[in-house]
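# Residue-level structure breakdown
Residues per chain are reported as follows:
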Amino acid sequence: MSLDITKVTARIGARVSGVDITRPLAPEEVAGIREALNVHKALVFDAQGLDDAGQQAFARHFGDLTTAHPTVGAVEDAPNVLPVDSERGRANHWHTDVTFVLNPPQASTLRSITIPPYGGETLIADAAGAYRDLPEPLRRLADTLWAEHTNDYDYAVPDEEIDEEKAAQRAQFTSITYRTAHPVVRVHPLTGERGLFIGGFAQRIVGLSAGESRRILDLLQAYVTRPENVLRWRWSENQLVLFDNRITQHYAIDNYDGRPRRLHRVTVAGDVPVGIEGKESYSIEGDASHYTPVAA
């Protein structure tokens, strides 16, 4: 196996060469990529010649696929592919994919289709590095906390910025309400690493008021988004990024003057998160069985 791994930053991100992801991978290649993902959290591949079918085939090497999204429509004739299109909305907020369901995806793949001439980078943050950075008193507090994640929350956007199209998009996104309680500190099932499992869908600390929750979540989130923990990836066409959704957050920067930007996302079904005491996440509202199986 000629897998070549080149770090992009000290804490997160690596480029992978020496493997052709447009063809079926050998077991040792899959194992090598999985090991690299465990270490680097986000991997970048050349995806020249890869189409939707090939992206799905690549993602299936790591587990069963989810459908595109619990509430948002897929690419036509490709129910597992989500169009990440600037014309359909912009994910310029820190989040981990679909944490409002009981078992969020374990991994996400993004493939560049149309890239603006400038801007449009994706930021990916290392939630394990953030946990290690916490001062000991904060770490002890975080270890005890649970957070409620939901897709139905206050976006804090002025009413005058919500036109009919944006209102329709938001109505579709929240057409099924999901609420799930996850541990604030999640234990990675493969590496045993602890990471801060929060992000934009985490809206309330269980047992605290909205105001108290916001202060604590903002404090912890500031460690996730420290520059030392963040990979800033400037896309080229025909690239694929694979990132570990269990221990990262990401943010699509809206800095391209409304130029066309389109990626396709395929996600791999995940397990139910577990906290440091071994307790699993629990659903409060919303059934996502049509979206994702639960990974063993």
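Read on for a plain summary of the structure.

What counts and how
Residues numbered from 1 in each chain as written. Predicted model: local features only at pLDDT ≥ 70, side-chain atom pairs only at ≥ 80, totals over all residues. Heavy atoms only, no water. Helix = DSSP H or I, 4+ residues; strand = E, 2+ residues; numbered from the N terminus. Buried < 20%, exposed > 50% of the residue type's maximum accessible area, 1.4 Å probe, protein only. Contact = heavy atoms within 4.5 Å. Phe/Tyr/Trp six-rings, centres within 6.5 Å; stacked < 30°, edge-to-face > 60°. Polar contact = N/O pair within 3.5 Å; in protein donor to acceptor, adjacent residues only side chain to side chain. Pairing = 2+ DSSP bridges. Axes fitted to C-alpha atoms, helices over the stretch in contact; angles between N-to-C directions. Core = buried A, V, L, I, M, F, W, Y, C linked by side-chain atoms within 4.5 Å. Patch = residues over 30% accessible without salt bridge, like charges linked within 9 Å, V, L, I, M, F, W, Y side chains within 5 Å. Areas by Shrake-Rupley, 256 points an atom, 1.4 Å probe, with all protein chains shown as cover. Salt bridge = Lys/Arg side-chain N within 4 Å of Asp/Glu carboxyl O.

## Some thoughts on the environment of A127
Within the secondary structure, A127 is located in helix α3 (residues 127–133). When its relative accessible area of 1% is taken as the criterion, A127 is described as buried. Between the C-alpha atom of A127 and that of Q249, which follows or precedes it by 122 residues, the distance is 6.9 Å. Among residues more than four places away in sequence, those in contact with A127 are R194, G195, L196, I247 and T248.

## Topic: the packing of aromatic side chains
Scanning all chains against the criterion turns up 8 aromatic pairs. An angle of 70 degrees between the planes, with centres 5.4 Å apart, marks the rings of F58 and F62 as edge-to-face. Judged on exposure class, the residue F58 and its partner F62 are both buried. In this structure an aromatic cluster arises from ring pairing among F100, F173, Y178 and F201.

## With respect to the side chain of R265
Mapping R265 onto the fold places it in strand β15 (residues 262–268). A relative accessible area of 9% means that R265 is categorised as buried. At 3.1 Å, the side chain of R265 and the side chain of D97 are in polar contact. Not counting residues up to four positions away in its chain, the partners in contact with R265 are Q55, A68, H69, N80, V81, L82, V84, D97, V98, T109 and L110.

## Describing the sheet that holds strand β7 (residues 146–150)
Taken together, the 4 strands give an open sheet; going across it, the order is β11-β7-β8-β16, and neighbouring strands pair in antiparallel fashion. At either end of the open sheet lies a strand with only one pairing partner, and these are β11 (202–205) and β16 (282–285). With strand direction ignored, the average angle separating the axes of adjacent strands in the sheet is 30 degrees. In the sheet, β7 pairs with β11 via 3 bridges, with the strands oriented antiparallel. Bridging from a neighbouring strand, H149 pairs with A202 of β11.

## Re the nonpolar core
For soluble globular proteins, nonpolar side chains are generally found buried alongside one another. Core analysis: the largest hydrophobic core is formed by 26 residues, its most contacted members being I21, I33, L43, F45, F58, L240 and L242. Within the residue set of this core, elements represented by two or more residues are β2 (14–17), α1 (27–40), β3 (42–46), α2 (52–60), β13 (239–244) and β15. The element that contributes the greatest number of residues to this core is α1, accounting for 4 residues. Residues in contact with L43, not counting those within four places in the same chain, are A14, V16, I33, A36, L37, L240, V241 and L242. If you look at the next biggest cluster of nonpolar residues, it comprises 23 residues, including L123, L134, L217 and Y223.

## Observations concerning a nonpolar patch on the surface
A cluster of nonpolar side chains, V206, Y282 and I284, forms an exposed patch at the surface whose accessible area comes to about 220 Å². When you line up the elements, V206 lands in the loop between β11 and α6 (210–224).

## Concerning the environment of N151
One can find N151 in the loop between β7 and α5 (164–173). In this structure the C-alpha to C-alpha distance between N151 and H69, which are 82 residues apart in sequence, comes to 12 Å. If near-sequence neighbours (up to four positions away) are discounted, N151 is found in contact with F100, F173, T174, I176, T177, Y178 and F201. Of the polar contacts made by the side chain of N151, one reaches the backbone oxygen of I176; its length is 2.9 Å. In terms of polar contacts, N151 uses its side chain to reach the backbone amide nitrogen of Y178, at 2.8 Å.

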